[in-house]
Amino acid sequence: MDATAPGCLSCATSLAPVRGKRVLRGSEGIPEAGMSSSPVSTARGSAGVAGRRTDASQTLPSKVITPRFESEEFFGHQPSSRSELPDPEPMVVNIAHCIVEVLAGARDLEQLARWVTDDVYAHLLKRDIMAKRARAATGRAPVRPTFTVGGIRLCEPRDGVVEGVVVVHGRARSRSVCVRLEGLDRRWRATAINVL
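The notes below deal with the structure included here. (Residues numbered from 1 in each chain as written. Predicted model: local features only at pLDDT ≥ 70, side-chain atom pairs only at ≥ 80, totals over all residues. Heavy atoms only, no water.)

### Side note on the sheet that holds strand 5 (residues 161-170)
Turning to step 1, where the next piece is worked out: Taken in spatial order, the four strands of this open sheet run 4-5-6-7, and their pairing is antiparallel. On the outer flanks of this sheet lie strand 4 (147-158) and strand 7 (187-195), each paired with one strand and no other. Each adjacent strand pair in this sheet contributes to an overall mean axis angle of 25°, direction not counted.
Turning to step 2, where the next piece is worked out: Two elements, strand 6 (residues 174-184) and strand 7, share eight bridges in a ladder whose sense is antiparallel. Looking at strand 7, one finds that L184 is bridged to R187.
Turning to step 3, where the next piece is worked out: Contacts from helix 3 (residues 89-104) reach strand 4, strand 5, strand 6 and strand 7, with the element oriented near 130° to strand 4.
Turning to step 4, where the next piece is worked out: Running at roughly 35° to strand 7, helix 4 (residues 118-138) makes contact with strand 6 and strand 7 of the sheet. (Pairing = 2+ DSSP bridges. Helix = DSSP H or I, 4+ residues; strand = E, 2+ residues; numbered from the N terminus. Axes fitted to C-alpha atoms, helices over the stretch in contact; angles between N-to-C directions. Contact = heavy atoms within 4.5 Å.)

Shown next as structure tokens:
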């Protein structure tokens, strides 16, 4: 009990019911030799063949190339232990001092690039742009801030990591600068900075 596919008068593919399912017979829509081929049947046949050839599940396992090692493991930043690193307190104080000057417009952010990670640099760049726009909107010129460093608190949550808070007292207000330093490649780098 063969039936021709609906919508295709000259298609050589026939459909037969098998337990409630329709199964294609022949060469999956490709016209057999001696049969006339219409543009519709040719398009269906080439789509079926092309679909089989580009199937990703048929990729041979021998053709899949996997790296032997993870490049970041060997060529990325290597963590350092606390014994290989210098005293973190001067670094925390200097970074806090520089951050306040960057936000005031008195220091270029590029001077901090080697001491911070890429994420921190992008965060500080956004803050610097917002501070510049605020100064431009009010017509204020960048002025080097005068401030004194108040209290410093440091803690080490694990080996090679230091978190510190520096309170900075200015003429009009006091701010706290929170810094997380991590020992990478035997030197401190700031991986998180927040100014409150």
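### A look at the packing of aromatic side chains
Turning to step 1, where the next piece is worked out: Evaluation of the coordinates by the stated rule reveals zero aromatic pairs.
Turning to step 2, where the next piece is worked out: The side chain of R187 reaches across the aromatic face of W115, ending 5.6 Å from its centre. (Phe/Tyr/Trp six-rings, centres within 6.5 Å; stacked < 30°, edge-to-face > 60°. Lys NZ or Arg CZ within 6 Å of the ring centre and 35° of its normal.)

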